Amino acid sequence: MTIEDKSSHVRRAAVPQSRSFACVAMMAVACLGAGAVAAADNLIAVQWTDPEIKSFVSANAANPPRSLGPTADDQLAKLKLPVLAFDATPGVAENTFRIGPRPATERDVVMNEADPVWYQIVERYGDVTVSVSADLRVQHAFPSNYPIYQNESRGAAPQAGPAVSVFDDRNEGGEEGLLAEYTITKFGVPYTVTVECTDEAKDQCRDTTQIAKDSELLKLIRATPPTP
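Cut-offs used in this document
Residues numbered from 1 in each chain as written. Predicted model: local features only at pLDDT ≥ 70, side-chain atom pairs only at ≥ 80, totals over all residues. Heavy atoms only, no water. Helix = DSSP H or I, 4+ residues; strand = E, 2+ residues; numbered from the N terminus. Buried < 20%, exposed > 50% of the residue type's maximum accessible area, 1.4 Å probe, protein only. Contact = heavy atoms within 4.5 Å. Core = buried A, V, L, I, M, F, W, Y, C linked by side-chain atoms within 4.5 Å. Pairing = 2+ DSSP bridges. Axes fitted to C-alpha atoms, helices over the stretch in contact; angles between N-to-C directions. Salt bridge = Lys/Arg side-chain N within 4 Å of Asp/Glu carboxyl O. pLDDT = per-residue confidence, 0-100. Disulfide = S-S within 2.5 Å.

A. View of the overall build of the protein. Helices and strands together make up the secondary structure of the protein, namely 7 helices and 8 strands. When burial is assessed residue by residue, the protein has 45% of its 228 residues classed as buried. Pairs at least 24 residues apart make up 69% of the contacts formed inside the protein by residues separated by at least 6 positions.

B. Region of the structure containing the nonpolar core. Ranked by internal contacts, the top residues of the largest apolar core, which has 49 residues, are Y119 and V195. Once residues within four sequence positions are removed from consideration, V195 is found in contact with V92, V128, T129, V130, L178, L179, A180, C205 and I211.

C. Looking closely at the sheet that holds strand β4 (residues 128-135). Spatially, β2-β3-β4-β7-β6-β5 is the arrangement adopted by the 6 strands of the open sheet, whose pairing is antiparallel. The sheet is open, and its two edges are formed by β2 (106-111) and β5 (165-168), each paired on a single side. Taken over all neighbouring pairs, the strand axes of this sheet differ in orientation by 20° on average, direction set aside. Pairing of β2 with strand β3 (residues 118-125), which is carried by 6 bridges, proceeds in the antiparallel orientation. Within the sheet, the bridge partner assigned to D108 lies in β3 and is V122.

D. Focus on the pattern of salt bridges. Under the defined criterion, the tally for this structure stands at 10 salt bridges. Residue E113 pairs with K78 through a salt bridge whose shortest N-O separation is 2.5 Å. You can see E113 sitting in the loop between β2 and β3 and its partner K78 sitting in the loop between α4 (70-77) and β1 (83-86), a full 35 residues away along the chain. With a closest N to O distance of 2.9 Å, R107 and E123 form a salt bridge. Separated by 16 residues along the polypeptide, R107 in strand β2 and E123 in strand β3 bring together distant segments of the chain. Looking at R107, the relative accessible area reads 35%, which means it is partly exposed.

E. View of the confidence of the model for the protein. Averaged over all residues, the pLDDT of the protein equals 77, while 68% of them reach at least 70. Taken together, the stretch residues 1-39 has pLDDT below 50 and engages in 87 contacts with residues farther than four places along the chain or on a different chain.

F. Spatial organisation of unusual backbone geometry. Non-glycine residue F187 carries a positive phi angle of around 60°. Looking at the secondary structure, you find F187 in the loop between β6 (177-186) and β7 (189-198). When its relative accessible area of 4% is taken as the criterion, F187 is described as buried.

G. The state of the cysteines, seen in detail. Counted according to the given criterion, the structure contains 1 disulfide. Disulfide pairing is shown between C197 and C205; the S-S distance is 2.1 Å. For the disulfide bridge between C197 and C205, the dihedral angle about the S-S bond is near 90°, and by the sign convention the bridge is right-handed. Overall, C197 belongs to the buried group, its relative accessible area being 2%. Judged by relative accessible area, C205 falls into the buried class, the value being 0%.

This is the structure we're talking about:
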């Protein structure tokens with residue numbers, strides 16, 4: 001699978017879980033300084049008038065949306081972009097539970113409350129970690145020599161759902177394993193899903209059909225349109 005060429009935005013390179021939070025922390029620090037001013041001039045315009053957002057806001061006026069915990073809920077409510085997340089365990093994680101006992105799910109919500117224009121929701125399922133992230137700021141591009149597995153055989157039928165790219169984490173200095181990633185655009189915003197597999201579960205990261213199918217589980221869980 002090749003990386004999609006999206007003219008409307010430039011995608012951020014996926015980072016393994018072992019390094020992702022360090023990168024997020026650096027982004028937060030940058031936002032607190034002069035970078036925040038520059039970022040404000042390059043924000044992606046959210047399509048707040050999208051019917052799905054309007055329906056979501058209306059339906060949740062009386063009934064609160066899905067909760068990720070009091071602290072996380074307070075954080076997500078401050079975001080200046082709609083929040084997508086998985087509303088069930090992705091199949092790519094479910095398929096690894098046969099390797100051993102089902103692990104307890106660990107979740108982290110990462111954002112900068114001083115400049116709430118990006119977020120990352122990370123869920124760990126033992127041998128598989130799945131994250132959803134979005135950023136309204138101008139993002140970095142993949143380097144031209146970034147290693148990618150071309151695992152779609154020539155002449156194969158097109159895969160339903162988003163195009164998934166698989167990366168060898170070891171080439172980037174991470175622990176043994178693989179990364180899989182795809183980006184979808186909703187409400188004018190690019191949302192990136194990254195799947196990190198340990199060496200024991202690396203075959204799951206190669207299952208691009210399952211990973212693409214899991215995109216159907218991405219649901220809108222929070223939307224706070226700006227006040228007119």
